[in-house]
Amino acid sequence: MIGTFSYAKFLKFLYSVPEAERGWEKSGVNGKLTAPLDWLYGLVRLPGRRIVTPVVNQMREAMATLARLQARSKAVGQQYYFRNSVVDVFRKKENDAAVKIQNWFRGCRVRAYIRHLHRAAIIVQKWWRSYLSRQHYQLVVKLAYYTMKMNLYNEMAVRIQRRWRGYKIRKYCFDYFYLKEYLRAVTETNDAIRDALEEFAEMKEREEKKAALEREEKKRDYQARKMHYLLSTKQIPGIYNSPFRKDPDPWELRLQKAKPLTHQRPRVKQKHSISLTSWLACTSNRSFPRSEILPPINRKQCQGPFRDIAEVLEQRYKPLEPTLREAEPINELKEAREDLRRQEWIRNVNDNMFLPFSSYHKNEKYVPSMHSSSKYGPNSYGCQRFRDENPKKWICPKAVEPC
Amino acid sequence: MHLLPEDQSPWIPNRQAGVMSLLRPLLLDVVPTIQQTAALALGRLANYNDDLAEAVVKGDILPQLVYSLAEQNRFYKKAAAFVLRAVGKHSPQLAQAIVDCGALDTLVICLEDFDPGVKEAAAWALGYIARHNAELSQAVVDAGAVPLLVLCIQEPEVALKRIAASALSDISKHSPELAQTVVDAGAIAHLAQMILNPDAKLKRQILSALSQIAKHSVDLAEMVVEAEIFPVVLTCLKDKDEYVKKNASTLIREIAKHTPELSQLIVNAGGVAAVIDCIGSCKGNIRLPGIMMLGYVAAHSENLAMAVIISKGVPQLSLCLSEEPEDHIKAAAAWALGQIGRHTPEHARAVAVTNTLPVLLSLYMSTESSEDLQVKSKKAIKSILQKCTYLPALEPFLYDAPPNILKHVVGQFSKVLPHDSKARRLFVTSGGLKKVQEIKAEPGSLLQEYINSINNCYPEEIVRYYSPGYSETLLQRVDSYQPLAN
């Protein structure tokens, strides 16, 4: 029954108890008894309750109240017990409530403290972290700056290298335009060579044709000269000049132009001797030409004041009759020697005198023969090939002495 | 001496022995004319057949000939030198027999004779002896023949010049040392002067001699070039005589093959154009040195290959490839095209545009080609394909190429298609994508990777559309489709 009382109801009940009974109530917590007047004034001050103040009324009232109260003393005792016990009923609850409240409060306090600590810690950490991050940030910035600079340098270096590499390849390793030029030049040279060779071939052909034509001409001329007797005369028309033709055959004309052929006898070559007498006799071929064939016997005298030809020829070709001084000179021997010397000078291959002993030849320098030397230096024929010394092939190291 | 005609049927050995024993005493006859005629008879016998030449050697006639060679008059010398030449030309053993009986010194003495006929006969004999191998050439050189031959070249008679030039050519062809000996005697200058001589046979021998000298090493080739033969030698390429053209292109080839600088020199002198024209104007084996020369020039560097291309060499080479009947000339043309096209995509494009790749492929695949031709055309196709980005030329390869070449073709497509949208469109419309889907490749192989990269260039639907069997899958879907019941 006590447990089922709610605290709110208890409080309502407490307020509903009149003032008179309230004087005996121990003022709640302390439990002190107050004087009768004090209890009047020591009434639990409840909100909304007024107290009457005149003193006489007060005395009367007080006596009346005392009487009433004594009548009710048992009930008060019961009620006192009940109220205490009622208070006890709720002691646990109130204790619990108080504990809870204290709990909560302590909790709040601790939480507030912890919160405070948290805030402090946060502030410390914040500042520390910001310090660290600022350092890190500085590093990062430095790194970023460095990277940026290096990228820039790399970029610039790449630009330079690109240009340089392009230039190097184009100038030194492979110049595309030079190659194109070269190929164009090769084409031009080829065309020029082809034209030149064509011309050369054509020229050769023309020359051959010309040579062939000339040969033909010569053959025909020779034939015409051989067949000269077929020429037509006034009485007898030749075979090429048939009267039934309008024009004579071209052979006819050729025969007319040709000279009759006479077979030449093989000429005997005249010995070309240089003798003093023949020179002085002025019988050289150039000034006085002589032919092998004698002039015809019955040759008519040329018209005009000419001498007899035989006389002329006799005079012209009269041999020289030198005087004795010329024919057999005093210094004939000397002149003969001179002559011999001249002949030797013309004829001799070697002008050196023959020296009989080998000791005369000791200081001479060897001149290699023309046949075994060439433009490129003396040939190693006679010296190295035939007389070459190969010491490895020798049987014994020293030269063999004749005994 | 007409008792012994040259075109008689082969002699029976004992009859040969009879002839030799009859002729030998005649060589010692008192009358000079008989000696000369006997020698001439021996020469003609030996000339005809190598058995007879052996009989001459076995009959111990050579020492007698050599002995009298030193003493007799010029007609005898000519006849004796003719015998030596006739014996020496058949085989190295007979030539060695001639050397062993000491004929070389007497022949060299004959080279100093006044009569040009004797010199010619002696030079001819020496040339034939030196032709066989390096030892015999060295023997000829050791006898001191080279300076005298160089003097003979300077003589006015054309026949003597020819024979001397041919002898020098035969001597210098065996080894660099022999060629150096010939060069040291001052031969190059005289040979180079005579290139302009109008006689065709002389020009043949001169060009052959110069090319035999130049072929051995870079230094010798440079010495030949320093004699200022370019551009005069190019006029020989226009000569009427086929062998002059052949020898001239051989000379240019031997010079070009050594270093890029020498090839550059030839290109700068316009030699490439002249050689290309020369190739165009002849047929058969005459063309072969010219084709090889173009290959050598293009092989050195890409600039030189580009120079060959702009001189219009590629159409000419592809013409050679298609119209020549002989395999070795085709092989040379295939090799030359491979050398031209292998450098950069530009070069490969220039080769591919002339439609030579299908020809090369057909040569590679045909069973009638010789092995050498197949190998060379395969190498050429591979090297050109690895650089070729000209897609219209590559497309026919998708259809009929064998797998090892198909791999390269598909690889090239996979490199080009990701970057070129027009090419992708063309690839689809021309049916290439369809063909690529049909190719079967092992998963994980290179071919499969290429096919995947090509498929990645196209959206999924198109790849599926062109994959084989797509129409069947569509029809299957039609079969299995349930129409919605309304």
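Calculation rules
- Residues numbered from 1 in each chain as written.
- Chains lettered and ligands numbered in written order.
- Predicted model: local features only at pLDDT ≥ 70, side-chain atom pairs only at ≥ 80, totals over all residues.
- Heavy atoms only, no water.
- Helix = DSSP H or I, 4+ residues; strand = E, 2+ residues; numbered from the N terminus.
- Buried < 20%, exposed > 50% of the residue type's maximum accessible area, 1.4 Å probe, protein only.
- Expected span 1.5 Å × (residues − 1).
- Contact = heavy atoms within 4.5 Å.
- Salt bridge = Lys/Arg side-chain N within 4 Å of Asp/Glu carboxyl O.
- Polar contact = N/O pair within 3.5 Å; in protein donor to acceptor, adjacent residues only side chain to side chain.
- Nonpolar A, V, L, I, M, F, W, Y, C, P; charged D, E, K, R; others polar.
- Core = buried A, V, L, I, M, F, W, Y, C linked by side-chain atoms within 4.5 Å.
- Phe/Tyr/Trp six-rings, centres within 6.5 Å; stacked < 30°, edge-to-face > 60°.
- Lys NZ or Arg CZ within 6 Å of the ring centre and 35° of its normal.
- Arc of directions from axis to C-beta.
- pLDDT = per-residue confidence, 0-100.

Topic: the overall build of chain B
For step 1, the next point in the chain: Helix and strand counts for chain B come out as 33 helices and zero strands.
For step 2, the next point in the chain: Within chain B, the proportion of its 486 residues that are buried is 53%.

Some thoughts on helix α17 (residues 242-256) of chain B
Three- or four-residue spacings in an α-helix give side chains the same orientation, since the helix completes a turn every 3.6 residues.
Residues and elements named next belong to chain B.
For step 1, the next point in the chain: An ideal rise of 1.5 Å per residue puts 21 Å on 15 residues; α17 measures up with 21 Å between its terminal C-alpha atoms.
For step 2, the next point in the chain: Among the residues making up α17, those that are buried are V244, K245, N247, A248, S249, T250, L251, I252, R253, E254, I255 and A256.
For step 3, the next point in the chain: In this structure, the buried residues of α17 make contact with α14 (200-214), α15 (218-226), α16 (232-236), α18 (260-268), α19 (271-281) and α20 (288-300).

Here's the deal with unusual backbone geometry
Residue and element names in this part refer to chain B.
For step 1, the next point in the chain: Residue P231 is reached from F230 by a cis peptide bond, and omega for that bond is -5°.
For step 2, the next point in the chain: Its location among the elements puts P231 in the loop between α15 and α16.
For step 3, the next point in the chain: Notably, K312 is not glycine yet its phi reads approximately 65°, a positive angle.
For step 4, the next point in the chain: Position of K312 among the secondary structure elements: in the loop between α21 (302-310) and α22 (313-323).

Quick word on the interface of chain A and chain B
For step 1, the next point in the chain: Counting residues at the interface gives 24 residues for chain A and 34 residues for chain B.
For step 2, the next point in the chain: Among the ionic pairs, R194 of chain A bridges to D277 of chain B, the shortest N-O distance being 3.0 Å.
For step 3, the next point in the chain: At the junction of chain A and chain B, the tally comes to five residue pairs in polar contact (both at pLDDT 80 or more).
For step 4, the next point in the chain: For the side of chain A that touches chain B, the leading source of residues is helix α6 (residues 176-226) of chain A, giving 15 residues.
For step 5, the next point in the chain: Of the residues contributing to the side of chain A that touches chain B, the split by class is eleven nonpolar, seven polar and six charged.

Considering the pattern of salt bridges
Residues and elements named next belong to chain B.
For step 1, the next point in the chain: A complete count under the given rule lists 27 salt bridges over all chains for this structure.
For step 2, the next point in the chain: The closest approach of N and O atoms between D115 and R74, which form a salt bridge, is 3.7 Å. Residue D115 is found in the loop between α7 (103-111) and α8 (116-130), and its partner R74 is found in helix α5 (residues 74-88); the two are separated by 41 residues along the sequence.
For step 3, the next point in the chain: The class of D115 is buried, set by a relative accessible area of 14%.
For step 4, the next point in the chain: Residue classification places R74 among the partly exposed positions, given a relative accessible area of 41%.
For step 5, the next point in the chain: Residues E323 and K283 are paired through a salt bridge, measuring 3.5 Å at the closest nitrogen-oxygen approach. Of this pair, E323 sits in helix α22 while K283 sits in the loop between α19 and α20, and the two are 40 residues apart along the sequence.
For step 6, the next point in the chain: Residue K283 is classed as exposed on the basis of its relative accessible area, which comes to 57%.
For step 7, the next point in the chain: Among the charged side chains, a salt-bridge network with shared partners connects K283, R287, E323 and E324.

Describing the nonpolar core
For step 1, the next point in the chain: One finds I229, F230 and I255 of chain B to be the most contacted residues of the largest nonpolar core, which totals 178 residues.
For step 2, the next point in the chain: Within the second largest apolar cluster, six residues are counted, among which are A224, M227, Y240 and A258 of chain A.

Some thoughts on the packing of aromatic side chains
For step 1, the next point in the chain: Scanning all chains against the criterion turns up ten aromatic pairs over all chains.
For step 2, the next point in the chain: Summarising the aromatic geometry, the rings of W164 of chain A and Y167 of chain A are spaced 5.7 Å apart at their centres and angled 40° between planes, so their arrangement reads as tilted. Here W164 of chain A pairs with Y167 of chain A, and both are found in helix α5 (residues 73-173), just three residues apart, close to one helical turn.
For step 3, the next point in the chain: Each ring, one from F413 of chain B and one from F427 of chain B, has its centre 4.8 Å from the other, and the planes form 35°; the classification is tilted. Of this pair, F413 of chain B sits in helix α28 (residues 403-416) while F427 of chain B sits in helix α29 (residues 421-429), and the two are 14 residues apart along the sequence.
For step 4, the next point in the chain: Looking at F413 of chain B, the relative accessible area reads 0%, which means it is buried.
For step 5, the next point in the chain: Through a chain of ring-to-ring contacts, the aromatic side chains of W164, Y167 and Y172 of chain A assemble into a single cluster.
For step 6, the next point in the chain: Against the face of W104 of chain A rests R111 of chain A, its NZ or CZ located 5.6 Å from the ring centre.

Here we look at α29 of chain B
Residues and elements named next belong to chain B.
For step 1, the next point in the chain: Where α29 is concerned, the buried positions are A423, F427 and V428. Down the axis of α29, the smallest arc covering the buried residues is 135°, so these residues share one side. In α29, those exposed residues whose orientation departs by more than 90 degrees from the buried face are K422, R425 and T429.
For step 2, the next point in the chain: Within two residues after α29, G431 carries a phi angle of roughly 90°, on the positive side.

Things to note about the environment of L202 of chain B
For step 1, the next point in the chain: Examined against the element boundaries, L202 of chain B turns out to sit in helix α14.
For step 2, the next point in the chain: Along the sequence, L202 of chain B and R162 of chain B sit 40 residues apart, while their C-alpha atoms lie 4.9 Å from each other.

Focus: the side chain of Q437 of chain B
All names here are of chain B.
For step 1, the next point in the chain: Tracing the chain through its elements places Q437 in helix α30 (residues 432-438).
For step 2, the next point in the chain: For Q437, a relative accessible area of 14% translates into the label buried.
For step 3, the next point in the chain: Engagement of the side chain of Q437 in a polar contact is seen with the side chain of N455, the distance being 2.8 Å.
For step 4, the next point in the chain: Look past the residues within four positions of Q437 in its chain and what remains in contact with it is N455, V463, Y466, S467 and P468.

Quick notes on the confidence of the model for chain B
Residue and element names in this part refer to chain B.
For step 1, the next point in the chain: Scored by pLDDT, chain B has a mean of 90; 96% of the residues are at 70 or more.
For step 2, the next point in the chain: Contacts for the low-pLDDT stretch residues 1-10, under 50 throughout, to residues beyond four places or in other chains number eleven contacts.
For step 3, the next point in the chain: Taken over the whole predicted complex, pTM reads 0.66, whereas the ipTM for its chain interfaces reads 0.83.

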